[in-house]
Amino acid sequence: MDVLWAVAILAILFYLCRLLMLLIPPVVPEIVVDTSDVMLGKGGDDDSYIYVARRRSGDEDTVHCYDPATMKYLGQLPALNFDEVSDHVARAREAQKKWARSSFEKRRQLLRILLKYTIDHQELICEVSARDSGKTLVDAALGEILTTCEKITWLVGQGEQWLQPEYRLVKLFISAGRMMLHKTARVEYSPIGVIGAIVPWNYPFHNILNPMVSAVFAGNAIVIKVSEHASWSAFFYSRIIKAALRAAGAPADLVHVITGYGETGKALVSLVDKLIFVGSTAVGKMVMEQAAKTLTPVVLELGGKDPFIVCEDADVAQIAARAALQSSGQNCAGAERFYIHAQIYQQFVDEVVRIVRTVRMGPPLEGLFDMGAVCIQEHTDRLQALVNDAVTKGAEIAVRGDLVLPDFGNSVVGQFYPPTVLLNVNHSMRLMQEEIFGPIIPIMKFHSDDEAITLANDSNFGLGCSVFSANKERAVAIASKIYCGMAAINDFAVTYMCQSLPFGGVKNSGFGKFAGVEGLRGCCLVKSIAEDRFSFFKTYPVAENAFQFEEALVRMFYGLTVVEKFQGLVNLVKIFTEQKDVKKTL
Ligand SMILES: NC(=O)c1ccc[n+]([C@@H]2O[C@H](COP(=O)([O-])OP(=O)(O)OC[C@H]3O[C@@H](n4cnc5c(N)ncnc54)[C@H](O)[C@@H]3O)[C@@H](O)[C@H]2O)c1
């Protein structure tokens, strides 16, 4: 009895100590990152308002960067060729060998350092993102900071748990299957090696940190090819990562951020052990073609055309406007098709039009604006072409927002697109079929839930959807019939803030998952292990009744009726009793 008491007291003390340890916060070192070239007012070579083509003939190995909201030149970075990419991957490969042996605590510490820097330098990170992508500080705060902090916090808190070996259980018992009762079955998650990521420009900070933190937490190295449209900020963000690696005592070559055009990305595909591609459907297909040559596994996170369905018992015009206008509509999971129940259609339209009229648009760092620029200048022509096509086919422009521009002279051309609400739209129009990726709100009426579901599914894309109803069960029922990867009930795109959830789509939106438990495990070599609990079978020499033994086993384990199973058991017992030397049976 005394011994039992002692064990119980020790166990309580042990758990109290663990609890205390949790209450004492870990010491997270502060890092210093050079910001001299990214502070406001500091451009690159040339601080004037000029347009410089990113890729100039005769200058193929340079990426030129400018602020899309002001056309101010920011600087230039190298466009790497195949040999240079190989060199980065080779160095990452060496670093990964050491990192694969690192403890989870060390990996957590690296992430905490990055988190601390992000929290303490939110404004700087957002300003740099705004200058490179044209988005407002609030849009940057939502898409760059909140998402990154949530992801890192989830990994620090729960990442290790999801990378532990997982025993396959049937009602609490480890089960390897009926015939394998003498074995245990488990899945192990170990590092893959070097992960490659090719990312777009729409969230310059988050697009780098997002694949990076999962990859390194799972014990990999990573080489990230950033977009030619967001290279200037990437150069600064990579300095943060380098400083964090140093402070955490991680290998300096564990993370590489590389710059260039499509050729640089193409080189990366064939050199890494797994590739995460985030970008357009068209380029996704090229990446898959390239990956097929080396059988490199790929995750394709591509474009979206998310439906936003509002039933007659919901009032969500504000959320609708945010869903379409966040980052000037340059969101893969932005709402692109609005289906509104006929009973509230007019009221919804009036309210959205009223909100859009209040939206102030202009260069994010030159004043207080609700909406910033469109990142790629030529993209505004495409947006206008989509609107023209719709108008030609009978659509009506309900409102176009105003552009408030300080006097930048003639150099400011076409990098802003006004928020535009379109009515009388239908699915023959390009803007209801192609990804818009801009601040356009096309609104259609529906009369029944079935009609809303049919309209939502009439698309080549399948990333996410939002469904609104005061009756939650009804909203869930509608969402469950939409063929897509994610559904937000009575909200917009919130699945991304639940970082335990996977992110990814179907159809032209791609395949594979990158966030959540599935995304983290996706950064791993997933290995199935079957191991003996005990072993008594001997294979050779084959016993006389080996076949009868197997036959009885099959009948006992797989027989469809109890009688058949019992028959198998009886046969088995007979074999055991008739021949003592069972070990020789197989
Ligand atoms: N599903 C998601 O998670 C997600 C997230 C953000 C953006 N996106 C999508 O990204 C698109 C916008 O971004 P974008 O314009 O930068 O996309 P993009 O496809 O033009 O470019 C993406 C990246 O691919 C690189 N690239 C271009 N050609 C290549 C090739 N042949 N081989 C390898 N890499 C190549 C680019 O340099 C860039 O880094 C939209 O379609 C949007 O929906 C998807």
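None of these values were measured; they are calculated from a predicted model.

A.B. asks: Help me understand the sheet that holds strand β23 (residues 510-511), please; the structure alone is not making it clear to me.
C.D. replies: The pairing of strands in a sheet comes from backbone hydrogen bonds and takes either a parallel or an antiparallel form. Pairing in this open sheet of 6 strands is mixed, and the strands run β9-β8-β7-β10-β11-β23 from one edge to the other. Two strands in the sheet have a free side with no partner beyond their single neighbour: β9 (255-258) and β23. When strand β11 (residues 298-301) meets β23, the two strands line up antiparallel, connected through 2 bridges. Paired with Leu300 across the bridge in β23 is Phe511.

A.B. asks: Sorry if this is basic, but what is going on with the site of the ligand here?
C.D. replies: For the ligand, the set of nearby residues contains 28 residues, the closest of which are Lys225, Glu228, Ser280, Leu302 and Glu435. One nitrogen or oxygen atom from the side chain of Trp201 is found 3.0 Å from an oxygen atom belonging to the ligand. Within the side chain of Glu435, one N or O atom sits 2.5 Å away from an oxygen atom of the ligand. Here the ligand has 860 Å² of accessible area as a free molecule, and 89% of this is covered by the chains.

A.B. asks: I'm lost on the packing of aromatic side chains in this one. Help?
C.D. replies: Any aromatic ring pair is given by two values, namely how distant the centres are and how the planes are angled relative to each other. Taken as a whole and assessed by the stated rule, the structure comprises 11 aromatic pairs. Consider the rings of Tyr496 and Phe503, whose centres lie 5.0 Å apart with planes at 75 degrees: the pair is edge-to-face. As far as burial versus exposure is concerned, Tyr496 and Phe503 are alike and both buried. Here a set of aromatic residues connected by ring pairs shows up, and it is made of Phe205, Phe236 and Tyr237. Just above the ring of Phe104 sits the side chain of Arg107; from NZ or CZ to the centre is 4.9 Å. One residue, Lys445, lies across the ring of Tyr345, its end atom 4.9 Å from the ring centre.

Reading guide: rules and limits
Residues numbered from 1 in each chain as written. Predicted model: local features only at pLDDT ≥ 70, side-chain atom pairs only at ≥ 80, totals over all residues. Heavy atoms only, no water. Pairing = 2+ DSSP bridges. Helix = DSSP H or I, 4+ residues; strand = E, 2+ residues; numbered from the N terminus. Near = heavy atom within 4 Å. Polar contact = N/O pair within 3.5 Å; in protein donor to acceptor, adjacent residues only side chain to side chain. Areas by Shrake-Rupley, 256 points an atom, 1.4 Å probe, with all protein chains shown as cover. Phe/Tyr/Trp six-rings, centres within 6.5 Å; stacked < 30°, edge-to-face > 60°. Buried < 20%, exposed > 50% of the residue type's maximum accessible area, 1.4 Å probe, protein only. Lys NZ or Arg CZ within 6 Å of the ring centre and 35° of its normal.

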